[in-house]
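One letter stands for each residue in the lines below.
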Amino acid sequence: MESAFERSAGQEALIADWNPPVIDTSKPHSARIYDYLLGGKTNFAPDREAAEQTLAAVPHASIAARANRAFLLRAVDHLARTGVRQFLDIGTGIPIEGRNTHDAAQAVAPESRVVYVDNDPIVLAHARALLSSHADGATAYIDADARDPEAILAHSALSETLDLDQPLAVLMLAVLHFFPDDDKPADVLQRLTDRLPAGSHLVLSHLTGDFDPVTTGGGVTVYRKSGIPMQVRSRTELAALLPDGWEPLEPGVELVSHWRAEDGADLPDPSEIGCYGLVARKL
Ligand SMILES: C[S@@+](CC[C@H](N)C(=O)[O-])C[C@H]1O[C@@H](n2cnc3c(N)ncnc32)[C@H](O)[C@@H]1O
């Protein structure tokens, strides 16, 4: 029987040309720490050490990481059900079987097209898993830095997969807290979304100290000591990152666990989550 999951010629060419990326396992990386917190196996001793230090400082960090990933899947499911068929997922993270953006989008609409972007070689090493699109849709992977939106938007893999003249959803989940103010996150979002047509969506999640500043501050210190820049932001600061002309969907900036939670869901205490989610629409 023919498989529904077939690669396009472009994807086959990408895989044929594929050179294993060089992965520095001597230092912790945010994607691998997050993988450990989610119970994954794609991590090395320095990542596990940093993750264990994070858990010592923030005992509920794994609950928060799972709530963030669940928010990603809920937001993509919601957008796919309202007709969105193009997704640009920046700061993809290490793939999780069956729990990636294309899995959620193509479960609703198999023709959905997804471009993934990350700058961590460990994610690149797992890009094949991100390329296993449904035959009716498409996926692509770009190895790029989110702080260079022009390079992402001009990349041939993007124009071959997405139509920038049609509305699309841009996702940056659990990424912008790795951008201190010096990285000008509002400016990055502005440049990324400037040329997108009205009706496009932006999905963000971001760590906050609004509910438990002392514990969250302990976690930030662990990341910074591991060489990973981190800056948490308040509800107001996150809302202020939205470029002009973008309007948050209901319920606005909300804890990832609470954003359009399923009826009857057992909601955790806000101090256990400390991560906001937001879905906005370009007017
Ligand atoms: C905590 S993980 C989040 C993964 C996924 N978005 C999620 O929410 O489940 C953060 C990801 O952002 C990526 N990242 C961090 N800074 C980045 C940058 N400047 N450019 C591209 N990717 C970045 C990391 O490599 C990592 O894969």
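Look above for the structure.
Residues numbered from 1 in each chain as written. Predicted model: local features only at pLDDT ≥ 70, side-chain atom pairs only at ≥ 80, totals over all residues. Heavy atoms only, no water.

A. Spatial organisation of the overall build of the protein chain. The helix and strand inventory of the protein chain stands at 13 helices and 8 strands. Against the globule reference of 19 Å for 283 residues, the protein chain gives a C-alpha radius of gyration of 18 Å, in line with a compact fold. Looking at the protein chain residue by residue over its 283 residues, the buried ones come to 50%. Total accessible area on the protein chain stands at roughly 12700 Å², and carbon and sulfur atoms take up 50% of it. The positive charge centre, built from 24 side chains, and the negative charge centre, built from 41, are 2 Å apart in the protein chain. (Helix = DSSP H or I, 4+ residues; strand = E, 2+ residues; numbered from the N terminus. Rg over C-alpha atoms; globule rule 2.2 N^0.38 Å. Buried < 20%, exposed > 50% of the residue type's maximum accessible area, 1.4 Å probe, protein only. Areas by Shrake-Rupley, 256 points an atom, 1.4 Å probe, with all protein chains shown as cover. Lys, Arg positive; Asp, Glu negative; His and termini not counted. Charge placed at Lys NZ, Arg CZ, Asp CG, Glu CD.)

B. Region of interest: the site of the ligand. What surrounds the ligand is a group of 21 residues, the closest being Tyr34, Asn68, Gly91, Asp118 and Ala146. The separation between an oxygen atom of the ligand and a polar side-chain atom of Asn68 is 2.8 Å. One of the side-chain N or O atoms of Asn119 is found 3.2 Å from a nitrogen atom in the ligand. For the ligand, the protein covers 95% of the area, taking 600 Å² as the surface of the free molecule. Within the residue set of the shell around the ligand, elements represented by two or more residues are helix H2 (30-37) and helix H4 (61-81). Here the shell around the ligand gets 3 residues from one element, more than from any other, and that element is H2. Across the shell around the ligand, the residue classes break down as 10 nonpolar, 6 polar and 5 charged. (Near = heavy atom within 4 Å. Polar contact = N/O pair within 3.5 Å; in protein donor to acceptor, adjacent residues only side chain to side chain. Nonpolar A, V, L, I, M, F, W, Y, C, P; charged D, E, K, R; others polar.)

C. Layout of the pairing of strand E5 (residues 201-207). Most of E5 is tucked away: 6 of the 7 residues are buried. Here strand E4 (residues 169-173) pairs with E5 via 5 bridges, running parallel. Paired with Ala169 across the bridge in E5 is His201. Once you follow E4 into helix H10 (residues 185-193) and on to E5, the crossover reads as right-handed. Sheet analysis places E5 next to strand E8 (residues 275-282), joined by 7 bridges and oriented antiparallel. (Pairing = 2+ DSSP bridges. Right-handed = clockwise from strand over helix to strand, strands pointing away.)

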